[in-house]
Amino acid sequence: VTALKGQYPHFMLKEIHEQPEAITDTIWSLATLDPPALYFDDLGSAGDRLAAVERVVLLGMGTSLHAAMIGQRYIEAFAGLPAAADNASEFRYRDPVLDDRTLVISVSQSGETVDVLEAMAVARRAGALQVTVCNTEGAQTTRVADGTVYTRAGLERGVASTKCFTTALVALYLLALRIAQAKGRLSEEALASHLHDLAQLPRAAADVLRRRDQIRKRAVALAAAQHVLFLGRGLAFPVAMEGALKLKEVSYIHAEGYAAGEMKHGPIALIEPTFPTVAIATQHALRSKMISNIEQIQARGGPVTGVITEGDAELTALCDAVITVPAVSSWLEPVAAVIPLQLLAYDVAVHRGCDVDQPRNLAKTVTVE
Ligand code: G6P
């Protein structure tokens, strides 16, 4: 096992560092830049049926649900279809309104999560078209779905998912483009421009990994906290939820991810000097809204660590501490912003002496309810 971890003390850290390569492999297993084109070899019969899709439901659990929430936004924006992400364990016990013009996209790195499989069974009975985004060749979700989009993260051993999340985002981004293409909504220029943006991503991910020192410093400060609030807006809201999930999974610190606009509806009551907030403020379009949220927290004595785009002098001056990430296209900011949160959770957990790869009470794949 030590050999498999190579130079890294834990699988989680190794897998965080494998992201530039995993992202590269996932992008170029589904697309080419020259000529700009998409290749979905495992979509099977689903490929021909995408043109008739009128609505999309995305399902997942845990980290995969957070990926689904971001995928929802990609589908709305690129394909112009109504889309909603749903927790598979809730979906399976409802009577969801579905028909053969609904595309159900299940996101599951293992392809074996019981709630996802049961939700897929509900979707199948309703006649929905199904595609699964999966990291495991031949897994159960790939057998149930009409088509598969494989992520190329390689085996992930850490219970806290890292490279499977960022590669799922890449796969969902490309799948949203593929659906847009099927709906006649994607020009060649737009496809070329999206692929160009994606091509920058591995270098940006590698760049984040080189900024480890700023993250370690924040980790030492946060390791003493009992609770941490993660806030974000837009695409950064699921990133905030994922940052909170990572922290609680591996460090056992209580953490909540919230839509920053919800803050005044409850969480702000918790703010005091011993309650730190991590504000993901990379989402450019909503940056000014995040600035006012940060000011409101600070006015109540709460310390704020900002995850910001490098060169953002205003936020650097405003926040009590910052973690900077390189600029990427706004649609891909979740990938750049989540990597420091993965490292933060890892460093906090190591600082607290936790078993990072095998957190208590957790399983890598939840095959029983
Ligand atoms: C478990 C794992 C998580 C994972 C979730 C869903 O809770 O600890 O890391 O996100 O299951 O797993 P899946 O294989 O369906 O993506």
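Anything mentioned here points back to the structure above.
Definitions and limits used
Residues numbered from 1 in each chain as written. Predicted model: local features only at pLDDT ≥ 70, side-chain atom pairs only at ≥ 80, totals over all residues. Helix = DSSP H or I, 4+ residues; strand = E, 2+ residues; numbered from the N terminus. Rg over C-alpha atoms; globule rule 2.2 N^0.38 Å. Buried ≥ 20, exposed ≤ 12 C-beta atoms within 10 Å, placed from the backbone. Pairing = 2+ DSSP bridges. Axes fitted to C-alpha atoms, helices over the stretch in contact; angles between N-to-C directions. Parallel < 35°, antiparallel > 145°, perpendicular 65-115°, else oblique. Contact = placed C-beta atoms within 7 Å. Nonpolar A, V, L, I, M, F, W, Y, C, P; charged D, E, K, R; others polar. Near = placed C-beta within 6 Å. Core = buried A, V, L, I, M, F, W, Y, C linked by C-beta atoms within 7 Å. Expected span 1.5 Å × (residues − 1). Bend = angle between axes of the 7 residues up to and from the residue. Left-handed = near helix turned anticlockwise from the far one by under 90°.

(A) Region of interest: the overall build of the chain. A count of helices and strands for the chain gives 15 helices and 12 strands. Over its C-alpha atoms the chain spans a radius of gyration of 20 Å, differing by no more than 12% from the 21 Å that the globule rule assigns to 369 residues. Dimensions of the chain, computed from C-alpha atoms along their principal axes, come out at roughly 55 × 45 × 40 Å. Classification of the 369 residues of the chain by burial places 54% in the buried group.

(B) Summary view of the pairing of strand E10 (residues 277-280). What you see with E10 is no split at all: Thr 277 and Ala 279 on one side and Val 278 and Ile 280 on the other are buried throughout. In this sheet, E10 lies alongside strand E8 (residues 227-232) in parallel orientation, the contact comprising 4 bridges. Looking across to E10, one finds that Leu 229 is bridged to Thr 277. Pairing geometry for E10 and strand E11 (residues 304-309), over 4 bridges, is parallel.

(C) Just the packing of helix H9 (residues 163-182) against helix H15 (residues 333-351), in detail. Two elements in contact, H9 and H15, have axes separated by 10 Å at closest approach and are oriented at 175°. What the angle tells us is that H9 and H15 run roughly antiparallel. Here H9 contributes Phe 165, Thr 166 and Leu 169 to the contact with H15, which in turn contributes Pro 334, Val 335 and Val 338. Here the contact of H9 with H15 is composed, by residue class, of 5 nonpolar, 1 polar and no charged.

(D) Examining the site of the ligand more closely. Neighbouring residues of the ligand: 16 residues in total, closest Gly 62, Thr 63, Ser 108, Ser 110 and Thr 113. No other element matches the 3 residues that helix H5 (residues 62-79) contributes to the shell around the ligand. Residues of the shell around the ligand, tallied by class, amount to 6 nonpolar, 9 polar and 1 charged.

(E) Quick look at the sheet that holds E11. An order of E9-E8-E10-E11-E12 is seen for the 5 strands of this open sheet, with the pairing classed as parallel. Looking along the sheet, the strands with just one partner apiece sit at the ends: strand E9 (254-259) and strand E12 (321-325). Mean inter-strand twist for the sheet, computed between neighbouring axes without regard to direction, equals 20°. Alignment of E8 against E9, held across 6 bridges, turns out to be parallel. Within E9, the position partnered with Val 228 by the bridge is Ala 255. Along the sheet, helix H12 (residues 236-251) contacts E8, E9 and E10; its crossing angle with E9, the most-contacted strand, is approximately 175°.

(F) Structural context of the nonpolar core. Grouped together as the largest cluster of nonpolar side chains are 126 residues, with contacts concentrated most on Leu 59, Leu 172, Ala 176, Ala 240 and Ile 280. Among the elements that line this core, the one with the most residues is H9, at 14 residues. Setting aside its immediate chain neighbours within four residues, Ala 176 contacts Gly 71, Tyr 74, Ile 75, Phe 78 and Ala 79.

(G) Seen up close, helix H10 (residues 188-209). Taking 1.5 Å as the rise per residue, H10 with 22 residues should run 32 Å; its terminal C-alpha atoms sit 33 Å apart, in good agreement. The largest bend in H10 amounts to roughly 30° and is located at Leu 201, with the proline Pro 202 lying one to four residues further along. Where H10 is concerned, the buried positions are Leu 191, His 194, Leu 195, Leu 198, Leu 201, Pro 202, Ala 204, Ala 205 and Val 208. Turning to H10, the residues buried within the fold contact helix H3 (19-30), strand E1 (31-32), H9, E12 and H15.

(H) Focus on the packing of H5 against H9. One can describe the packing of H5 onto H9 by two numbers: an axis separation of 9 Å at closest approach and a directional angle of 25°. Taken together, the axes of H5 and H9 are roughly parallel relative to one another. The handedness of the crossing between H5 and H9 comes out as right-handed. Across from Thr 63, Ser 64, His 66, Ala 67, Ile 70, Gly 71, Tyr 74, Ile 75, Phe 78 and Ala 79 in H5, the residues of H9 making contact are Phe 165, Ala 168, Leu 169, Leu 172, Tyr 173, Ala 176, Leu 177, Ile 179 and Ala 180. Of the residues contributing to the contact of H5 with H9, the split by class is 15 nonpolar, 4 polar and no charged.

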